[in-house]
Amino acid sequence: MSLKTPTIAIRLLGFSAKEEETFSTVLAVAREKGYRYSCLKHGCIQDPDMYIVNSSELKAIADLSDLHPGEAQPVLLIGKTDIDLPYQVMPKPIRWRKIFDILDAMIDKRELLLTTLSAHSTMSVHERRRHKRLDLDLTEPAVYERMRQQPMAKGGILIVDKDTHFREYVAGIMDAYGVPVTLASDERSALLLDGNNQHALTMINTSTPNVDPYRLCEGLKRQNSGLKTAVILLVDRNFEYKLGLGHKVRCEGFLVKPLSRRLVLKTIRKFMQLD
């Protein structure tokens, strides 16, 4: 394996803040051989390459069941569980020196799978595991009811940025789908444009001068009350996302710049229905 191998993005489920910090510190250590690993921060909506799950936390198992990861998103359970799950298990306490061997082997298998799928084109990378979903949904029924009652906004995509480069980049990707992509350079114009168009997805570059991304998100959500809309923050690596405030203003989360074409299209597909 080459040092040029892309960093493997890991989503942690069911761990305390201290445990997450330990995972992030240990897995981020530079290695002469093997894959590089990075733990996604809370609020980041990038799809992970794999999951590490605390099996002693029922909610984490329920969340994993809702995510129903495909074969291309391997799962490592930390600690044994009484529930029969089709995932690899690493007993507690964690042997930190051993964890890299386990992760590398799992990613080797994943890379072989992706190569095979690419060669034969017989199955999507996001093919779901064929096993019965666990009946562990802990979400309030009222949340689903509200989601079902909201129609999808139809106004395309709004980019909030100080220049036109990213807007043109996204517009180029969306040309094939006939989705309009609008640009706003400040909060006032963003709200005015959205009031006229009711955008299904807004991407806010947090480095845009004189733009408070949380305040703008709150205004957009209030303005589109009753419609399914999504707001995503585009952040630099040193940006500290305020998870509590993000939840309060109903922000969907953030992505770390720069964004690949694949990630942009994948994100748009997640929040919009493309023909």
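Now for a description of the structure that goes with this document. (Residues numbered from 1 in each chain as written. Predicted model: local features only at pLDDT ≥ 70, side-chain atom pairs only at ≥ 80, totals over all residues. Heavy atoms only, no water.)

1. Quick word on unusual backbone geometry
Then, in step 1: The residue after Lys92, namely Pro93, is reached through a cis peptide bond having omega -5°.
Then, in step 2: Tracing the chain through its elements places Pro93 in the loop between β5 (88-90) and α3 (96-120).
Then, in step 3: Of the consecutive residues Lys257 and Pro258, the connecting peptide bond is found in the cis state with omega at 0°.
Then, in step 4: Here His68, not a glycine, exhibits a phi torsion of approximately 30°, which is positive.
Then, in step 5: Here His68 shows up in the loop between α2 (58-67) and β4 (75-78). (Helix = DSSP H or I, 4+ residues; strand = E, 2+ residues; numbered from the N terminus.)

2. Some words on the packing of aromatic side chains
Then, in step 1: One pass over the structure, following the stated rule, counts six aromatic pairs.
Then, in step 2: Summarising the aromatic geometry, the rings of Tyr214 and Tyr241 are spaced 6.1 Å apart at their centres and angled 40° between planes, so their arrangement reads as tilted. Of this pair, Tyr214 sits in helix α7 (residues 213-223) while Tyr241 sits in the loop between β9 (230-235) and α8 (243-248), and the two are 27 residues apart along the sequence. Like Tyr214, the residue Tyr241 is buried in the burial classification.
Then, in step 3: Ring pairs connect the aromatic residues Phe15, Phe23 and Trp96, which therefore count as one cluster. (Phe/Tyr/Trp six-rings, centres within 6.5 Å; stacked < 30°, edge-to-face > 60°. Buried < 20%, exposed > 50% of the residue type's maximum accessible area, 1.4 Å probe, protein only.)

3. Re the sheet that holds strand β8 (residues 201-205)
Then, in step 1: Spatial strand order, β7-β6-β8-β9-β10: five strands in an open sheet with parallel pairing. Two strands close off the open sheet at either side, each with one partner strand: β7 (181-184) and β10 (253-256). Looking at each pair of strands side by side, their axes are set apart by 25° on average, direction ignored.
Then, in step 2: Seen against the sheet, helix α5 (residues 165-174) touches β6 (157-160), β7, β8 and β9 and runs at an angle of roughly 170° to β7.
Then, in step 3: Along the sheet, helix α9 (residues 261-271) makes contact with β6, β8, β9 and β10, crossing β8 at roughly 135°. (Pairing = 2+ DSSP bridges. Axes fitted to C-alpha atoms, helices over the stretch in contact; angles between N-to-C directions. Contact = heavy atoms within 4.5 Å.)

4. Things to note about the pattern of salt bridges
Then, in step 1: In total, this model carries nine salt bridges according to the counting rule given.
Then, in step 2: The salt bridge partner of Arg110 is Asp49, with a shortest N-O separation of 3.0 Å. Of the two residues, Arg110 sits in helix α3 while Asp49 sits in the loop between β2 (37-39) and β3 (50-54), which places them 61 residues apart along the sequence. The pair formed by Arg110 and Asp49 is uniform in burial state, with each residue classed as buried.
Then, in step 3: The salt bridge involving Lys59 is made with Asp63; its shortest N-O contact spans 3.1 Å. Residue Lys59 and its partner Asp63 are located together in helix α2, separated by four residues, close to a single helical turn.
Then, in step 4: Given the relative accessible area of 27%, Asp63 is considered partly exposed. (Salt bridge = Lys/Arg side-chain N within 4 Å of Asp/Glu carboxyl O.)

5. Some details on the packing of helix α6 (residues 187-197) against α7
Then, in step 1: Running from N to C, α6 and α7 cross one another at 20°; their axes reach a closest spacing of 10 Å. The orientation of α6 with respect to α7, classified from their angle, is roughly parallel. The two elements α6 and α7 cross, and the hand of that crossing is right-handed. In this structure, α6 contributes Glu187, Ala190, Leu191, Asp194 and Gly195 to the contact, and α7 contributes Arg215, Leu216, Gly219, Leu220 and Gln223.
Then, in step 2: In terms of residue class, the contact of α6 with α7 is built from four nonpolar, three polar and three charged. (Parallel < 35°, antiparallel > 145°, perpendicular 65-115°, else oblique. Left-handed = near helix turned anticlockwise from the far one by under 90°. Nonpolar A, V, L, I, M, F, W, Y, C, P; charged D, E, K, R; others polar.)

6. Comments concerning the packing of α5 against α9
Then, in step 1: Taken N-terminus to C-terminus, the directions of α5 and α9 make an angle of 70°; their axes are 11 Å apart at the nearest point. Taken together, the axes of α5 and α9 are roughly perpendicular relative to one another. Here α5 and α9 pass one another in a crossing that is right-handed. Contacts between α5 and α9 pair Phe166, Tyr169, Val170, Ile173 and Met174 from the former with Arg261, Val264, Leu265 and Ile268 from the latter.
Then, in step 2: Of the residues in the contact of α5 with α9, the class split is eight nonpolar, no polar and one charged.

7. Things to note about empty space enclosed by the protein
Then, in step 1: Going through the model one piece at a time under the given rule, you end up with one cavity of 30 Å³ or more.
Then, in step 2: Counted as a void, the largest cavity has a volume near 40 Å³.
Then, in step 3: Secondary-structure elements contributing two or more residues to the lining of the largest cavity are α7 and β9. (1 Å grid on protein atoms, 1.4 Å probe; cavity = no way out; pocket = protein on both sides within 12 Å on 5 of 7 lines; lining within 4 Å. Points joined across faces, edges and corners; volume = space filled by probe spheres on them.)

8. Quick notes on α6
Then, in step 1: Taken together, the buried positions of α6 are occupied by Glu187, Ala190 and Asp194. Looking straight down α6, one finds that the buried residues subtend no more than 60° of arc, so they occupy a single side. Every exposed residue of α6 that faces more than 90 degrees away from the buried side is listed here: Arg188 and Asn196.
Then, in step 2: On its buried side, α6 packs onto β6, β7 and α7.
Then, in step 3: Between the side-chain oxygen of the N-cap and the backbone nitrogen of Arg188 there are 3.2 Å, and the N-cap of α6 in question is Asp186. (Arc of directions from axis to C-beta. Polar contact = N/O pair within 3.5 Å; in protein donor to acceptor, adjacent residues only side chain to side chain.)

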